[in-house]
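Listed below are the residues making up each chain.
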Amino acid sequence: MIILEQPKLIHVNTVRTASTSVAVELSTRAKEGDAVSELDREEYFYLPRERKGVYHYSLARDLTAKQRKQYSVFCIEREPVSKCISHYQWITAQSQLTANIDISWEDYLDSIMLPIDDFRYTNGRNSLIVDKIIKYENIKEELNEYLPFKLQFKIHTRQSQHQDITVTDQQRELIYDKFKNSNKFTGYEL
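Presented here is a report on the structure given in the accompanying data block.

Quick notes on the rules
- Residues numbered from 1 in each chain as written.
- Predicted model: local features only at pLDDT ≥ 70, side-chain atom pairs only at ≥ 80, totals over all residues.
- Heavy atoms only, no water.
- Helix = DSSP H or I, 4+ residues; strand = E, 2+ residues; numbered from the N terminus.
- Phe/Tyr/Trp six-rings, centres within 6.5 Å; stacked < 30°, edge-to-face > 60°.
- Lys NZ or Arg CZ within 6 Å of the ring centre and 35° of its normal.
- Buried < 20%, exposed > 50% of the residue type's maximum accessible area, 1.4 Å probe, protein only.
- Arc of directions from axis to C-beta.
- Salt bridge = Lys/Arg side-chain N within 4 Å of Asp/Glu carboxyl O.
- Contact = heavy atoms within 4.5 Å.
- Core = buried A, V, L, I, M, F, W, Y, C linked by side-chain atoms within 4.5 Å.
- Pairing = 2+ DSSP bridges.
- Axes fitted to C-alpha atoms, helices over the stretch in contact; angles between N-to-C directions.

**Observations concerning unusual backbone geometry**
Omega for the peptide link from Q6 to P7 comes to 0 degrees, which places this bond in the cis form. Along the polypeptide, P7 turns up in the loop between strand 1 (2-4) and strand 2 (9-11). Despite not being glycine, R16 has its phi angle at roughly 55 degrees, a positive value. Among the secondary structure elements, R16 is positioned in the loop between strand 2 and helix 1 (19-27). You will see that A18, though not glycine, has its phi angle at about 70 degrees, which is positive.

Structure (structure tokens):
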């Protein structure tokens, strides 16, 4: 999570949506008193400024009602199938390094590991509590429209890495069913 006092802006991180790249960019604009959470890895240009209770994957519901009212709060979401493929490829690449996870695509879809993030930007009663959900597929355009400044660095999106997984119609329907709560807010549909 990033909390910038000027402009009053809060970025809530989500999984496999270029949120870390956005956090790195936003961290370069942070001043004394802003909250820039630690990342789980080192990034060039990333400047953490810790504030008690603010973590990389802090939830929007962790914010006070006053913060949500005074700040522009946003997150990024991704089309569910693309997000699942990206997440699956990421965890299987990690397992090659750690030997902890060896899972087929089919087993992954039946698991609880899917990167469903609506709990990060809803209040627990399935009400949206961010002001804007940026769509990953349009990230550069939507961020430049939403933010009161232009981004200077490259936001890393990796949509081209999905060539080795075939998704059946039944799997696509399963994914969309599992993402039905978040799809109410993002507008993604089959």
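Now, onward.
**A look at the packing of aromatic side chains**
Aromatic rings considered in pairs are described by the distance between their centres and by the relative angle of their planes. Enumeration according to the criterion identifies 5 aromatic pairs in this entry. An aromatic cluster is built from Y88, W105 and Y108, whose rings are joined through pairwise contacts. The side chain of R29 reaches across the aromatic face of F149, ending 3.8 Å from its centre. Over the ring of Y136 we find R78; its NZ or CZ atom is 4.0 Å from the centre of that ring.

**What to know about helix 7 (residues 169-178)**
Listing the buried residues of helix 7 in full gives Q171, I175 and Y176. Buried residues along helix 7 cover an arc of 135 degrees about the axis, so they all sit on one side. Residues of helix 7 that are exposed and point over 90 degrees away from its buried face: D169, Q170 and E173.

**Section: the pattern of salt bridges**
Applying the stated criterion across every chain, the model contains 6 salt bridges. Residue D117 is joined to R120 by a salt bridge in which the shortest nitrogen-to-oxygen separation is 2.7 Å. Grouping residues by exposure puts D117 and R120 together as buried. Linked through salt bridges whose partners overlap, the residues forming this network are E77, K83, D117 and R120.

**Let's talk about helix 1**
Judged by how many residues are buried, helix 1 sits mostly within the fold: 9 of 9 residues are covered. Residues S19, T20, S21, V22, A23, V24, E25, L26 and S27 constitute the buried set of helix 1. The inward-facing, buried residues of helix 1 contact strand 1, strand 2, strand 3 (35-36), strand 4 (72-77) and helix 6 (139-146).

**Looking at the nonpolar core**
In terms of nonpolar packing, the biggest core is built from 18 residues, with L9, V22, L26, F74, I139, L143 and L147 touching the most fellow members. Broken down by secondary-structure element, the contributors of at least two residues to this core are strand 1, helix 1, strand 4 and helix 6. If you tally residues by element for this core, the top one is helix 1, at 3 residues. Apart from residues no more than four positions distant in its own chain, L147 is found in contact with L9, L26 and F74. Within the second largest apolar cluster, 16 residues are counted, among which are Y88, I91, I165 and V167.

**Re the sheet that holds strand 4**
An order of 3-1-2-4-5 is seen for the 5 strands of this open sheet, with the pairing classed as mixed. Sheet topology places strand 3 and strand 5 (132-135) at the edges, where each strand pairs with a single neighbour. Strand direction decides the pairing type here: strand 1 and strand 3, joined by 2 bridges, are antiparallel. Within strand 3, the residue paired with I2 across the bridge is V36. The strands touched by helix 1 within the sheet are strand 1, strand 2, strand 3 and strand 4, with strand 2 carrying the most contacts at an inclination of about 150 degrees. Sheet strands touched by helix 6: strand 2, strand 4 and strand 5. Its angle to strand 5, the strand with the most contacts, is close to 150 degrees.

**A few points about the environment of L147**
Within the secondary structure layout, L147 lies in the loop between helix 6 and helix 7. Overall, the relative accessible area of 5% leaves L147 in the buried class. Note: C-alpha distance between L147 and S72 (75 residues apart in sequence) is 9.1 Å.

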